[in-house]
Amino acid sequence: MDLSLTEDQLFMRDEANRFLAERATSEAVRAAIASGGFDKALWDSISNELGWCGIAIPEDAGGLGLGAFEMVLLLEEIGRRLAPVPFWTTVSVCAPVIRVLATDETRLALLGRIASGNAAATVALPRPAANDPFEAIEFNAEPDGRGWILSGRCAAVFNLACADLVVVPARLNERPALFAVERSSLSAIAPHDTLDPTMPVAPLSLAGVPVGADARIDRGDLDTGDFAAPLLWARLGLAAEQVGAASGCLELTLAYISERVQFGRSIASFQAVKHRCAELLVRIGEARSLLYGAAACLDAGGDDVAREIEGAGVLASEALWHAAEEAIQLHGGVGNTWEYDPHLYLRRAQATAHLFGSADAKLSRLAEFLQEAAA
Amino acid sequence: MDLSLTEDQLFMRDEANRFLAERATSEAVRAAIASGGFDKALWDSISNELGWCGIAIPEDAGGLGLGAFEMVLLLEEIGRRLAPVPFWTTVSVCAPVIRVLATDETRLALLGRIASGNAAATVALPRPAANDPFEAIEFNAEPDGRGWILSGRCAAVFNLACADLVVVPARLNERPALFAVERSSLSAIAPHDTLDPTMPVAPLSLAGVPVGADARIDRGDLDTGDFAAPLLWARLGLAAEQVGAASGCLELTLAYISERVQFGRSIASFQAVKHRCAELLVRIGEARSLLYGAAACLDAGGDDVAREIEGAGVLASEALWHAAEEAIQLHGGVGNTWEYDPHLYLRRAQATAHLFGSADAKLSRLAEFLQEAAA
Amino acid sequence: MNEQNLSAFRAEVADWMKANLCGRFAPLVDRGHAGDGDALPDLRKEWERELAGGGWTCPGWPAEYGGRALSVAEQVAFQEEYARAGGPGRLGHIGEGLLGPTLIAFGTETQKQRFLPPIREGREIWCQGYSEPEAGSDLANIKTRARLDPETGDWLVTGQKVWTSLAHLSDWIFVVARCDEGSVGPKGLIFLLMPLDQKGIEIHPIRQIGGGSEFNSVFFDDARVSADCVVGQPGDGWRIAMTLLSFERGLSTLGQQMGFQRELQLIAVLARENGAAADPAIKMRIARAWVGLRAMRYMAMRMLADSSDPQAKLESLGYKYQWSHWHRDLGKLGMDVLGFSGASATDDPRTEKLRQLFFFTRADTVYGGTSEIQLNIIAERGLGMPKEPRGGTA
Amino acid sequence: MNEQNLSAFRAEVADWMKANLCGRFAPLVDRGHAGDGDALPDLRKEWERELAGGGWTCPGWPAEYGGRALSVAEQVAFQEEYARAGGPGRLGHIGEGLLGPTLIAFGTETQKQRFLPPIREGREIWCQGYSEPEAGSDLANIKTRARLDPETGDWLVTGQKVWTSLAHLSDWIFVVARCDEGSVGPKGLIFLLMPLDQKGIEIHPIRQIGGGSEFNSVFFDDARVSADCVVGQPGDGWRIAMTLLSFERGLSTLGQQMGFQRELQLIAVLARENGAAADPAIKMRIARAWVGLRAMRYMAMRMLADSSDPQAKLESLGYKYQWSHWHRDLGKLGMDVLGFSGASATDDPRTEKLRQLFFFTRADTVYGGTSEIQLNIIAERGLGMPKEPRGGTA
């Protein structure tokens with residue numbers, strides 16, 4: 001396994017960094033927050049002009065045919081600036097579900113739409129806080145003459161308001177099935193007042209919504225266990241955004257404390273502050289290393305990849321929390337004001353800390369993995 | 001509840017501190033380590049000349065009739081210098097067991113011996129690592145014509161080799177009973193090679209040892225639950241020694257780093273080092289506060305005192321561990337040598353960390369207390 | 001006062017709170033504390049007068065200034081019972097706890113007559129003008145200037161104060177300013193009492209991360225104050241400010257802890273309700289929070305005991321660090337008990353309380369002396385370690 | 001070399017270890033590592049020659065100096081398989097990994113001819129003379145002096161080195177000394193190769209907290225070394241020493257991690273056996289240790305990748321801090337898994353291993369650059385934060 005970045009990868013990362021530094025500035029993010037947490041212009045550039053959404057979509061479906069590793073590199077940059085675009089749900093959550101579970105026909109069509117930048121997408125995960133978000137499926141599907149009737153409620157769907165395409169898992173004759181629902185066919189969405197305004201969440205209620213026969217996209221033999229494989233991409237992607245956000249938060253802090261003077265010295269010159277920033281870098285480096293290792297494992301198709309991704313999720317989430325807490329503290333008084341950015345990272349850290357289970361739950365599951373492996 | 005120290009208490013503490021600074025020096029402690037972890041001359045001074053063993057023994061039994069609070073103050077000073085004397089087992093473990101559980105007659109006689117400084121004492125706790133060290137009793141007693149025959153084995157008895165008096169709990173007709181055994185009546189003791197050479201431990205094996213009829217000291221109606229009350233003193237005393245040791249360890253570290261120069265500055269002048277020492281002081285202060293509160297509760301006879309003592313045990317043990325770890329780190333290279341003292345505190349910290357249960361076990365038990373209280 | 005009388009006194013406070021913190025005042029229960037400090041201002045001003053009517057404002061002041069000269073134990077008991085009953089955050093706190101004692105110590109007779117009665121009666125609300133944008137934790141670096149207007153004898157103040165709690169709800173502000181042009185550090189400062197409602201003063205609220213705005217920036221542009229509103233002599237400002245800060249500590253501590261206890265209880269109850277308490281890690285964190293709170297309680301009692309124990313004095317230097325980190329961790333614990341659903345607002349006032357707790361406890365380790373300053377103080381004053389050098393360009 | 005060939009190579013190493021680390025060498029399994037470094041010295045010297053016979057010493061050296069010029073991937077594979085098989089701590093490590101590469105880079109042809117073959121053949125053991133009592137983490141503060149003896153042309157060395165690992169088992173020592181009277185800091189240093197067996201040198205073992213003595217103080221009193229044992233020019237010492245230190249990193253890392261993995265496995269097994277694994281807190285700590293080890297593995301692979309990724313270069317500055325704290329925590333975890341019974345020695349070699357692990361991991365965060373120095377380096381070199389000022393009296 002080679003964890004060096006190729007020249008192409010380095011170039012892609014640097015370009016993404018440069019582009020987002022220009023476009024996802026603090027001002028732009030705050031403007032997007034004021035309008036529902038979605039920067040439409042930025043999204044159009046990313047999805048349409050730059051074609052980032054096709055990064056890990058196979059070439060036969062119009063994508064770039066690259067892997068999890070490249071996806072991770074882009075998500076890090078998105079996370080670094082908390083760019084308010086539905087990239088994670090589109091590329092890490094929805095596209096893998098379609099790629100792995102959809103029929104050939106719908107797969108090519110839907111992935112093609114995503115790859116070409118014509119669909120912001122999401123999945124109505126029934127239990128985003130559970131290890132297995134599909135442990136219970138909240139929607140029901142019933143056949144009617146022309147297609148299907150969908151009913152049910154999902155408390156929290158990420159990026160629902162800005163999505164074009166919503167993949168809805170529903171129970172059909174006691175088995176899971178998947179439906180691709182056009183956002184335009186849904187009634188008004190009322191987003192939650194959430195902790196993290198850069199990653200909007202809304203409930204999805206379907207009260208007997210009719211969809212066409214072609215809305216069903218799965219191959220007809222789904223088991224709940226089948227969701228595990230595509231969800232690895234969602235978990236990995238989340239960790240990537242968190243690692244990127246942790247780095248962005250540290251950069252923000254370093255910039256502030258090197259300018260800010262107290263007692264006649266820059267705050268950055270105090271050794272206790274230096275050591276804390278250095279420890280933060282160590283933790284972020286640790287998280288990033290496991291993140292890259294997990295991504296490479298996912299691309300290589302290793303057996304133990306679920307463990308690596310679980311571990312990366314723990315370290316990434318904790319690194320981001322720690323970075324945000326230190327950012328607020330080291331900003332001093334202004335760190336507690338709306339006007340400065342540390343709280344945006346704090347919000348992201350806390351809002352994502354319980355996705356797919358808390359760190360403690362993840363560790364506890366890892367402990368069980370390990371005990372089984374050792375037994 | 002008043003947590004101020006009276007003039008008498010302050011005087012006693014200062015005198016104890018002064019006395020032990022002279023007598024329990026690093027050299028003296030190391031000399032005692034070389035001879036089994038017992039400083040006989042120091043013990044004679046403490047028990048005989050100074051009469052400290054009577055601190056919490058009632059006046060009717062020849063003691064000073066003071067309370068847990070005063071006992072704690074002395075134990076802190078003993079712990080501060082890791083003084084190699086069997087004070088804790090005598091005063092905090094054995095005397096309370098006798099005071100609470102013995103018949104009037106034996107109580108007065110045995111406490112009198114302890115108070116007058118004529119008996120170093122210990123208890124053969126069957127399970128020192130368990131929340132309830134008496135959950136299983138390892139010895140059996142059988143009556144014979146003249147007295148009793150004791151059999152069984154106890155893996156680890158503190159200060160056994162230097163004790164004059166050993167209180168042995170034994171099963172007698174399926175109930176617990178207590179026997180006071182003279183150390184002189186036991187065969188040779190083979191101390192363990194233990195982590196903490198200032199607090200020696202040895203196994204006690206009794207292969208049908210006959211003792212006199214008067215060796216039995218309990219009132220004949222003991223239940224295992226009866227041990228809980230006297231054990232509160234043992235737990236509290238352990239926490240007191242740990243808090244004292246943590247303070248002593250911090251003092252040792254402060255002395256070293258204010259002398260030691262690196263990069264042309266005293267180590268103590270580095271802000272990161274200052275902050276870590278300050279955090280250590282905060283943790284020790286926290287532990288000491290709860291220790292004093294718990295001692296005052298024990299003297300006042302409050303209902304919830306078991307919880308306070310449990311909490312004090314957690315904080316004291318952790319503060320000592322933290323102090324010892326920082327001492328080794330801040331001493332740099334010499335901190336890892338036998339010649340310097342930090343490792344003695346590290347040894348005490350680890351050797352006592354699992355007494356009466358690990359910190360995690362204590363917290364978990366506290367959580368159950370709290371849930372019951374809240375339910 | 002013996003334990004028995006103290007119990008009776010506690011019962012008296014509890015009864016009064018029960019009889020009065022109800023009816024039109026019922027919405028005030030548990031409101032107006034840190035992070036929620038700008039809640040329901042009009043009703044809380046009325047509440048101050050209600051308290052005054054019951055004789056519960058300034059109960060520790062000497063009788064000659066309208067106080068009841070309660071003992072420390074009684075004042076503590078009052079604070080605890082007030083908090084236990086869910087009493088709202090006190091708008092009168094700065095006047096009662098900080099400015100009043102300062103005037104009693106340093107004020108002229110005229111100043112006492114003018115300013116103490118309205119504080120006692122809950123009629124005038126004070127705020128505190130210490131911090132400045134360039135002097136966050138560094139009070140000696142004050143740049144706001146006061147110059148004497150030779151014509152009127154008034155002082156004219158120009159500059160900016162920041163983090164002024166509740167300035168927008170207050171009538172008066174006390175300000176430390178530099179009256180000696182060219183002075184540096186703690187020298188050349190003046191302590192002034194200024195009415196806020198004048199054209200030289202503008203108050204801009206600071207939006208906090210939780211959404212509230214209890215802090216303000218206060219801008220002074222030749223704001224005017226008459227010479228009889230100088231406390232002490234011009235140049236005495238540092239000494240008076242430092243003495244005033246020392247009043248802040250201690251008494252309100254146990255009341256604050258009672259509030260902490262209520263928060264911890266709420267968290268424990270919600271954890272039981274939503275099943276989080278079954279998670280071993282959450283269970284341990286709740287137990288740890290309880291242990292920390294007990295330790296804080298006994299630490300506060302050691303501080304209040306005012307004994308000659310140097311160990312207690314030394315360790316009390318750590319109290320701010322101790323409680324603020326404990327409270328910050330509690331804020332995080334509350335959110336982790338709510339779990340993923342805590343990320344979205346709900347109609348349940350209990351979960352909303354935890355969300356607010358999360359945000360405003362982020363500031364506990366900053367306001368009132370950052371943790372970094374606290375650790376410097378402990379190391380330097382407490383442990384005698386070398387002082388941190390100031391930079392060359394102070 | 002592709003993955004398939006690498007697997008074959010791994011199998012070759014594993015087979016060789018299996019065939020050779022047995023019989024009279026069986027007692028060496030898992031022995032002689034940090035904290036146990038002075039174990040079984042005679043047998044381990046034989047083992048060095050056994051390894052040499054199999055062609056496994058210095059496998060990364062160029063062929064012209066007797067090496068096999070193995071690729072980085074092969075060397076890593078060798079280290080991992082060596083560790084996986086329980087290969088003992090290498091007495092030849094300093095010669096093979098540090099001095100050899102240094103001589104290959106800076107040595108004269110004569111020096112290479114004289115010193116490289118006995119290293120490769122496992123016949124001469126080297127130790128390292130860098131640290132001094134007054135210059136713990138501060139290499140530039142070296143006080144040991146070398147002066148030229150005008151009569152013989154030899155250098156005469158006087159001073160003291162400390163923390164010299166395995167000096168008492170070594171034949172030669174390389175020493176950095178001050179050759180320019182009056183020079184300070186990194187200037188005026190000389191890099192010398194000295195035989196230990198001479199009357200000007202005394203070796204005093206340092207007893208460590210775990211009881212072992214793998215470190216020594218080495219005292220020099222006009223110890224003698226001939227001019228052809230100077231590496232580079234007098235005055236070049238700093239540059240050569242720094243280059244040498246850079247050889248230390250990297251290659252042995254994955255082998256070291258394989259050892260960590262064996263330790264963690266042992267802890268997990270004992271935890272299952274004695275029931276500690278049922279304790280949720282212990283369970284979580286084992287899981288956390290596993291996560292940390294995986295992160296270290298991928299960090300090492302990023303470091304070895306030698307890419308132009310500046311992020312990887314930056315983060316690799318933290319690797320020493322990362323592994324040493326991980327390992328220190330593992331040592332504590334091992335003891336906590338043993339619980340109260342871990343306080344007393346037993347006959348079980350597994351628990352004894354954990355007791356030793358506990359003690360010697362205390363030193364991991366000190367030797368080879370304390371954690372405090374590591375954090376300074378990360379902050380200053382990595383994050384560009386201001387440098388810590390030296391005191392006035394360096």
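Residues numbered from 1 in each chain as written. Chains lettered and ligands numbered in written order. Predicted model: local features only at pLDDT ≥ 70, side-chain atom pairs only at ≥ 80, totals over all residues. Heavy atoms only, no water.

Enquirer: Whenever I open this one, the packing of helix α8 (residues 271-300) of chain B against helix α8 (residues 280-304) of chain C confuses me. Can you help?
Expert: What describes two packed helices is the angle between their axes and the distance between those same axes. Running from N to C, α8 of chain B and α8 of chain C cross one another at 80°; their axes reach a closest spacing of 8 Å. As judged from the angle between their axes, α8 of chain B and α8 of chain C are roughly perpendicular. Across the interface between the two elements, G285, E286, R288, S289, L290, Y292, G293 and C297 of chain B of α8 of chain B pack against V291, G292, R294, A295, Y298, M299 and R302 of chain C of α8 of chain C. (Axes fitted to C-alpha atoms, helices over the stretch in contact; angles between N-to-C directions. Helix = DSSP H or I, 4+ residues; strand = E, 2+ residues; numbered from the N terminus. Parallel < 35°, antiparallel > 145°, perpendicular 65-115°, else oblique. Contact = heavy atoms within 4.5 Å.)

Enquirer: Help me out: how do you make sense of the pattern of salt bridges in this one?
Expert: Between side chains of opposite charge, a pair can form as their charged atoms come close. Summed over all chains, the structure comprises 101 salt bridges over all chains. In this structure, E251 of chain B engages R80 of chain B in a salt bridge whose closest nitrogen and oxygen atoms are separated by 2.5 Å. Residue E251 of chain B is found in helix α7 (residues 228-259), and its partner R80 of chain B is found in helix α4 (residues 68-80); the two are separated by 171 residues along the sequence. Of the charged contacts in the structure, one is a salt bridge between D336 of chain C and R285 of chain C, with a shortest N-O distance of 3.0 Å. (Salt bridge = Lys/Arg side-chain N within 4 Å of Asp/Glu carboxyl O.)

Enquirer: Explain the side chain of K112 of chain D to me, please; I cannot follow it from the model alone.
Expert: All names here are of chain D. With respect to the helices and strands, the residue K112 is situated in helix α5 (residues 109-120). One buried charged residue, K112, remains without a salt bridge, the closest side chain of opposite sign being E109 at 4.0 Å. Ignoring sequence-local partners within four residues, the contact set of K112 consists of Y65, L103, I104, G107 and P117. (Buried < 20%, exposed > 50% of the residue type's maximum accessible area, 1.4 Å probe, protein only. Lys, Arg positive; Asp, Glu negative; His and termini not counted.)

Enquirer: What is the right way to read the interface of chain B and chain C from this model?
Expert: It is common to give the size of an interface as the accessible area that goes away when the parts come together. Between chain B and chain C, the contact holds 47 residues from the first and 39 residues from the second. Here chain B meets chain C over a buried area of about 3,700 Å², counting both sides, of which 68% is carbon and sulfur. Area buried by chain B at its contact with chain C is led by K274, L281 and V282 of chain B, which between them contribute 16% of it. Between the two partners, chain B and chain C, sit 7 salt bridges. The interface formed by chain B and chain C includes 13 residue pairs in polar contact (both at pLDDT 80 or more). (Buried area = accessible area lost by both parts, 1.4 Å probe. Polar contact = N/O pair within 3.5 Å; in protein donor to acceptor, adjacent residues only side chain to side chain.)

Enquirer: Whenever I open this one, the domain arrangement of chain A confuses me. Can you help?
Expert: All names here are of chain A. As assigned here, chain A comprises domain 1 (7-119), domain 2 (123-225) and domain 3 (227-374). Taking only C-alpha atoms, the centre of domain 1 and the centre of domain 3 are 21 Å apart. Across the boundary between the two partners, domain 1 contributes 27 residues, which contact 32 residues of domain 3. For the domain 1 and domain 3 pair, buried surface summed over both sides reaches about 2,400 Å², with 66% attributable to carbon and sulfur atoms. On the domain 1 side of the interface with domain 3, the three residues burying the most area are R80, L82 and W88, jointly 27% of the side's total. Inspection of the domain 1/domain 3 interface yields 13 residue pairs in polar contact (both at pLDDT 80 or more). Of all the secondary structure elements, the ones that give two or more residues to the side of domain 1 that touches domain 3 are α2 (26-34), α4 (68-80) and α5 (87-101). Of the residues belonging to the side of domain 1 that touches domain 3, the class tally is 17 nonpolar, 4 polar and 6 charged. (Domains from an automatic or database assignment. Nonpolar A, V, L, I, M, F, W, Y, C, P; charged D, E, K, R; others polar.)

Enquirer: Explanation requested: the interface of chain B and chain D in the structure shown.
Expert: On the chain D side, the residues contacting the 36 residues of chain B number 43 residues. Taking both partners together, chain B and chain D bury about 3,300 Å²; carbon and sulfur atoms supply 57% of that area. It is F263, Q329 and N336 of chain B in chain B that bury the most area against chain D; as a group they hold 22% of the surface buried on that side. Salt-bridge contacts for R328 of chain D lead to E325 of chain B; the nearest nitrogen and oxygen are separated by 3.4 Å. Here chain B and chain D share 16 residue pairs in polar contact (both at pLDDT 80 or more) between them. Split into classes, the residues belonging to the side of chain B that touches chain D amount to 15 nonpolar, 14 polar and 7 charged.

Enquirer: I tried to follow the packing of helix α7 (residues 228-259) of chain A against helix α8 (residues 271-300) of chain A on my own but got confused; where do I start?
Expert: Residue and element names in this part refer to chain A. Two elements in contact, α7 and α8, have axes separated by 10 Å at closest approach and are oriented at 155°. Taken together, α7 and α8 sit at an angle that is classed as roughly antiparallel. When you trace α7 past α8, the crossing you get is left-handed. Across from L232, W233, L236, A239, A240, V243, A246, S247, L250, L254 and I257 in α7, the residues of α8 making contact are V273, C277, L280, L281, I284, A287, R288, L291, A294, A295, L298 and D299. For the contact of α7 with α8, a count of residues per class yields 20 nonpolar, 1 polar and 2 charged. (Left-handed = near helix turned anticlockwise from the far one by under 90°.)

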